[in-house]
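The residues making up each chain are set out below.
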Amino acid sequence: MSMREFYQDRRLGRAALLSSAAMLSTFALPSVAVAQQVDADASSEEARLEEIIVTARRREENLQTVPISITAISPEAIKDNNVAALTDIQGLVPSLTVTTGNVGQRETANVAIRGQGYGTIAGQPAVAMYLNEVPIIADYNGVLAGGTGLFFDLENVQILKGPQGTLFGRNTMGGAVLLQSARPKEEFGGRIQIGYGNYNNREIDAAVNLPISGDKVLARFAFNRQVRDGISRVLSTPSAPSGIDMDNRDFWAVRGTLTARPVDGVKNDTIVTYQSYRSNGSANFLTDIEVGGFADTLYPATPTSRGIRAALAQQQLLGTRTHIPIDTDLDSTSGSLLAVENITSVDVTDNITLRNIFGFRKATFNYRADLDGTEFALFNVVDNKYVAQQTSNELQLLGKSFGGRLDWVVGAFYSDQGPPIRDRFDRLAIRVVLPAGTPASTINADSNRRLTLGSKAVFAQGTYDLSGVVDNLKLTGGLRYTWDDRSDSTRGANNVITSLISKSSALTYTLGLDYQIAENTLMYLASRRGYRSGGSTRASNGTLFRFRPEFVTDYEFGLKSDWSLGGVKLRTNGAVYYQDYSKIQVNQLIPFPGEPAGINVTTNAGSARLWGAEFEAQIILTDNFQIGGNFSYLDFKYKKFAAGVDGPALQAGITANRVPVKYGLSARYDLPVSETVGNISLRANYAWQDKFGDFLGSATIPSYGLLNLAINWDNVAGKPVDAQFFMSNATNKTYQSGGIGFLGFAERTYGDPRMYGVRLSYRFGGDAR
């Protein structure tokens, strides 16, 4: 691309951003909130728009006053939409994409926001997930731990969109997912819930509050368990010749929280969560063979073998729930997460608070995968076990100065991740066994690995009220400097250890203006710079390569408003954004001596631009009836490629983890029944997303839409008993949830079929009211 074309493209993108901003302001004034509580409840007397408290700026604030694009999901929405993992929430959130299937289990997730996400095999994820303000561990492949079993007993889930590199650390180029667990209450009480559904789904959920010493010492305990049969079946594996169910679910989680307030102005929360899951793994269904490609050439039909094309034909006949025989055992997919947070808050003065956030994580990843989905030895992970622990600490000083006109926070962050024993190596075995007479093995990695990650940062951010110049105008500015280091070591044959150490650092920032147009209408303009650390990639033949950090600078315009029209209450939400994206980390298949198919590495591709728009709305038509909707659009384009990069291949995969168009519709109707009967509500949520590229961008995942339904009967017959009937994927849509295209073949994992069941809950003590 010439310099003239480069700047012309930038002008076009920013012109589109400005024109969209103008369109928003004329369409919705006084309008748009870039976030909503997905399920805002009605009061007993009059339906109203609920105040939502978020912690996007590391302090509690009303969502409608925060100049950041956020979607907040309530515990009720989690229950109504049968959410058990990150894959289940993407239909509720514009610009969020979650895929599975690259590591042999659907319980982990590849997360992207606004086109920034899981883009490489070796890099850290561009979307970070936090439990109680402490980041969750990611494995060698950037896959987050605890994908299933964490969505219980939560105050809410917050999805922050766009770079968050000032207050939330490294690698938050796309955004952050914040999980806030419920805190103890000052009154004894709790709940116990049991559920049963199809596929022999059994679940239990319980929580109890225990005031130990008035309001000085409080405790809360919660438990969650789910067991479900598989939704697909493999006809045979080496150790199960008669077949095995796949995509089953078996997890349990427990959480304990202790809150201490020894004296006024001092508070300490200690939270311990442990979750464990097991599964037979996910079924990776073969969906395509490139005629004359690597897989087709490697396994043609012979007098003694049917060939890989015949395997594809058999799979097509069997459909999407019955899988052809495979050559790898998949019965060891399991994992666990121990998460500890200790959060101390001390009011130093009336205007200054000191907070310390200590975190400890220990996670295990253990899985096998037949990624080609056949009985042929093409691409198999026959053993992969990774154990890591992470210790982190963040010290914050928050305050108000200049008569309350300046809200500020300064702090420092430290994180260290590695094996529990520093000289420990984890097992990795990837196999391709080629027929006699063929060249050297294309992928034949059998080694032990050790990964350590370190991060240090200092940061400061403040918001200054400029009302002395212009009424209701505020300026926000923030800086963060981050130092990251990564050590990737491999112990191969003859106990030879190969190591590569990578270091990177960057200055990131936030700069924005927000203007309170009216009491309930906020307009903001912001620019942020995000950064994803560099590192090392272990190619398929064991060779280590370095790759550099990547950067994004975004520009965002948004409006937030609660308003009324003819007695109808509305919360309309919207934002448009433009991003400059440089030194992009991507996977590339490159030539290498002795490797006929080349080797797959992570490298820096060049630069691109993104722009998009988001819209959310909640409308209370009557006290009994409310509807909602959301929409997002994303456009991505490469501007130039680095030397040696396969530009056409990257161009063909520009929609990898990037859904061009998404929308969702929701409705809730409260039946007009007597309080002696209880409160009965009917709820529906429909979410549709456009076709987009798979993990490597080499094949397309078709568009699909899912309908979720729920009937809630709270306070049954005036008693502290609640009942629910739920149905997810009500139309039994067959849809793809992930997959890869590689070495001349494509495979897919499929999402859950229609799932339905009932839940009964009993509330006691203070929760009974």
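### Observations regarding the overall build of the chain
- The secondary structure content of the chain amounts to five helices and 44 strands.
- Each of the 769 residues in the chain was classed as buried or not, and the buried ones make up 59%.
- Counting only contacts in the chain whose residues sit at least 6 apart along the sequence, the fraction spanning at least 24 positions is 69%.
- Carbon and sulfur atoms make up 58% of the accessible area of the chain, which amounts to about 29,000 Å² in all.

### A word on the pairing of strand S4 (residues 96–99)
- Side-chain alternation along S4 places Leu96 and Val98 on one buried face and Thr97 and Thr99 on a second face that is also buried.
- The sheet contact formed by S4 and strand S5 (residues 110–113) spans four bridges and is antiparallel. Following the sheet pairing, threonine 97 is matched in S5 by alanine 112.

### Comments concerning empty space enclosed by the protein
- In the structure shown here, the tally under the stated rule is nine cavities of 30 Å³ or more.
- The computed volume of the second largest cavity comes to approximately 280 Å³.
- Taken together, 25 residues make up the lining of the second largest cavity; nearest its centre are Ala128, Tyr130, Pro135, Ile136 and Arg170.
- Counting residues per element, the ones that place at least two in the lining of the second largest cavity are strand S6 (127–131), strand S21 (380–401) and strand S22 (406–418).
- In terms of residues, the lining of the second largest cavity owes the most to one element, S6, which gives four residues.

### Notes on helix H4 (residues 308–318)
- Taken together, the buried positions of H4 are occupied by Ile308, Ala311, Leu312 and Gln315. Looking straight down H4, one finds its buried side chains confined to an arc of 100°; they lie on one side. Relative to its buried face, H4 has exposed residues pointing more than 90 degrees away, namely Gln316 and Leu317.
- The elements touched by buried residues of H4 are strand S17 (285–289), helix H3 (294–298) and strand S18 (322–323).
- Two residues or fewer past H4, glycine 319 is found with a positive phi of approximately 90°.

### Side note on the pattern of salt bridges
- Following the criterion strictly, the structure yields 35 salt bridges and no others.
- The partner of arginine 261 in a salt bridge is glutamate 186, with the nearest N and O atoms 3.4 Å apart. Here arginine 261, found in the loop between strand S15 (249–260) and strand S16 (266–279), pairs with glutamate 186, found in the loop between strand S9 (175–181) and strand S10 (189–197); they are 75 residues apart in sequence, far enough to count as distant.
- Note that aspartate 554 is salt-bridged to arginine 528, the shortest N-O span being 2.6 Å. Of this pair, aspartate 554 sits in strand S30 (residues 550–565) while arginine 528 sits in strand S27 (residues 521–532); the two residues are 26 residues apart in sequence, bridging distant segments of the chain.

### A word on unusual backbone geometry
- Unlike most non-glycine residues, phenylalanine 402 shows phi in positive territory, near 55°.
- Mapped onto the elements of the fold, phenylalanine 402 is located in the loop between S21 and S22.
- In this structure, alanine 717 takes a positive phi of about 55° despite not being glycine.
- Take alanine 717: it is sitting in the loop between strand S40 (704–714) and strand S41 (721–728).

### Describing the confidence of the model for the chain
- Per-chain confidence: the chain averages 85 in pLDDT, with 86% of residues scoring 70 or above.
- Across residues 439–444, confidence stays below pLDDT 50; counting only partners more than four residues off in sequence or on other chains, it has 26 contacts.

### Comments concerning the sheet that holds S18
- In spatial order, the strands read S14-S13-S18; together these three strands make up an open sheet with mixed pairing. Sheet topology places strand S14 (244–246) and S18 at the edges, where each strand pairs with a single neighbour.
- Relative to S14, strand S13 (residues 232–234) is paired through three bridges, and the arrangement is antiparallel. If you follow arginine 233 over to S14, its bridge partner there is aspartate 245.

### Topic: the side chain of asparagine 82
- Within the element layout of this structure, asparagine 82 appears in the loop between helix H2 (75–80) and S4.
- Of the polar contacts made by the side chain of asparagine 82, one reaches the side chain of arginine 759; its length is 2.7 Å.
- Contact partners of asparagine 82, with chain neighbours within four places excluded, come to Asp88, Phe726, Ser728, Met755 and Arg759.

### As for the packing of aromatic side chains
- Here the structure, examined in full by the defined rule, presents 17 aromatic pairs.
- Both rings, one in tyrosine 130 and one in phenylalanine 168, keep their centres 5.2 Å apart while their planes meet at 70°; by these two values the pair is edge-to-face. Taken together, the positions of tyrosine 130 in strand S6 and phenylalanine 168 in the loop between strand S8 (154–161) and S9 put the pair 38 residues apart, joining distant regions of the chain. For the residue pair tyrosine 130 and phenylalanine 168, the accessibility class agrees, reading buried in each case.
- Residues tyrosine 663 and tyrosine 686 carry aromatic rings whose centres are separated by 6.3 Å and whose planes lie at 45° to one another, so their mutual orientation is tilted. With tyrosine 663 in strand S36 (residues 661–670) and tyrosine 686 in strand S37 (residues 679–689), the pair connects residues that are 23 residues apart, well separated along the chain.
- Residue tyrosine 663 is classed as partly exposed on the basis of its relative accessible area, which comes to 31%.
- Of the aromatic side chains, those joined through ring pairs into one cluster are Phe188, Tyr762 and Phe764.
- If you follow arginine 58 out to its NZ or CZ, it ends over the ring of phenylalanine 168, 4.7 Å from the centre.

What counts and how
Residues numbered from 1 in each chain as written. Predicted model: local features only at pLDDT ≥ 70, side-chain atom pairs only at ≥ 80, totals over all residues. Heavy atoms only, no water. Helix = DSSP H or I, 4+ residues; strand = E, 2+ residues; numbered from the N terminus. Buried < 20%, exposed > 50% of the residue type's maximum accessible area, 1.4 Å probe, protein only. Contact = heavy atoms within 4.5 Å. Areas by Shrake-Rupley, 256 points an atom, 1.4 Å probe, with all protein chains shown as cover. Pairing = 2+ DSSP bridges. 1 Å grid on protein atoms, 1.4 Å probe; cavity = no way out; pocket = protein on both sides within 12 Å on 5 of 7 lines; lining within 4 Å. Points joined across faces, edges and corners; volume = space filled by probe spheres on them. Arc of directions from axis to C-beta. Salt bridge = Lys/Arg side-chain N within 4 Å of Asp/Glu carboxyl O. pLDDT = per-residue confidence, 0-100. Polar contact = N/O pair within 3.5 Å; in protein donor to acceptor, adjacent residues only side chain to side chain. Phe/Tyr/Trp six-rings, centres within 6.5 Å; stacked < 30°, edge-to-face > 60°. Lys NZ or Arg CZ within 6 Å of the ring centre and 35° of its normal.

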